[in-house]
Amino acid sequence: MAFSTQAVFRDDAYLRETEATVVGVNDRGGIILDRTIFYATSGGQPGDTGLLTRGDGSNISVAATITGETKDEIIHVPGLEQAVPEIGERLKLSIDWPRRHLLMRMHAACHLLTVVCPYPITGASVSEEDSRVDFDIPDAGFTKEDVTSQMMELVRANHPIYNRWISDDELAANPTLVKSKNVRPPSGTGKIRLVCIGDNASIDSQPCGGTHVAGTAEIGEIHIGKIEKKGRENRRFRIRFGAMPSN
Ligand SMILES: [Zn+2]
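Because the structure is a prediction, the values reported are computed rather than measured.

Conventions adopted
Residues numbered from 1 in each chain as written. Predicted model: local features only at pLDDT ≥ 70, side-chain atom pairs only at ≥ 80, totals over all residues. Heavy atoms only, no water. Phe/Tyr/Trp six-rings, centres within 6.5 Å; stacked < 30°, edge-to-face > 60°. Helix = DSSP H or I, 4+ residues; strand = E, 2+ residues; numbered from the N terminus. Buried < 20%, exposed > 50% of the residue type's maximum accessible area, 1.4 Å probe, protein only. Lys NZ or Arg CZ within 6 Å of the ring centre and 35° of its normal. Pairing = 2+ DSSP bridges.

**A closer look at the packing of aromatic side chains**
The final tally for this structure, using the stated rule, is five aromatic pairs. On the basis of an interplanar angle of 85 degrees and a centroid distance of 5.4 Å, the ring pair of Phe135 and Phe237 is categorised as edge-to-face. In this pair, Phe135 sits in strand S10 (residues 130-136) while Phe237 sits in strand S15 (residues 234-241), placing the two residues 102 residues apart along the sequence. Across the pair, exposure class does not vary: Phe135 and Phe237 are buried alike. One aromatic cluster is present, formed by Tyr119, Phe135, Phe142 and Phe237 through successive ring pairs. Arg105 extends its terminal NZ or CZ atom over the ring of Phe241, reaching a point 4.3 Å from the ring centre. The residue whose ring lies beneath Lys191 is Trp165, and the NZ or CZ to ring-centre distance is 4.5 Å.

Here it is as structure tokens:
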């Protein structure tokens, strides 16, 4: 039987600590809680790492967070040789916040890239140092410099980034909301989370389950490190932190 974990990060990406109760430990030692702030790997964003603190003050380190049999079951994968908690035990949860915040900045930067390059997305991967988004795009003459300056314009404008829940029917009525070519947002659950950028979603809105910063200025300085050709109509854009290195 799969458990259903309350995904607290979905409503509050900024919560760094909370408490929860152990509801299951699977045969590989994976810890399942009734609720969690640990994001589970999906949609190109890696899962969180961090600590689970027991009543006696000892820590269980979490090396990875993944989904289980269903998307709603979140499994905290302990590092090597960690203690195994009891079912029903209360734990204090703390995520590796500096890492998560880098991922939130990068993930939001990926959304800005899809605003500047409004083409079908074929893949994406977010990491603390380097993120990539792949587009189906003929060589439209994009340069790293142009894309970077358009993205930085959106960063400097400090547009708000927020979630809005819509129904399956609303999404079906607005098919252009979905930019991903291969990945359809989960439907059938009745509601879908849209990530909106700008007042009244004036800059962008798209279905996404990841974690993002609350405003574009918080992304900070970023640049396009590389535009790679991956086949006749596929281009891979790499986003990096910091100013574009001058040649
Ligand atoms: Zn997102």
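Having seen it, we continue.
**Quick notes on the pairing of S10**
Summarising burial for S10: six of the seven residues are buried, a large majority. In this sheet, S10 lies alongside strand S9 (residues 121-125) in antiparallel orientation, the contact comprising four bridges. For Ala124, the partnering residue across the bridge sits in S10 and is Val133. The antiparallel pairing of S9 with S10 creates a hairpin that spans four residues between the two strands. Pairing geometry for S10 and S15, over seven bridges, is antiparallel. Across the sheet, Asp134 pairs through a bridge with Arg236, a residue of S15.

As far as function goes, none of this settles anything; it's purely spatial.
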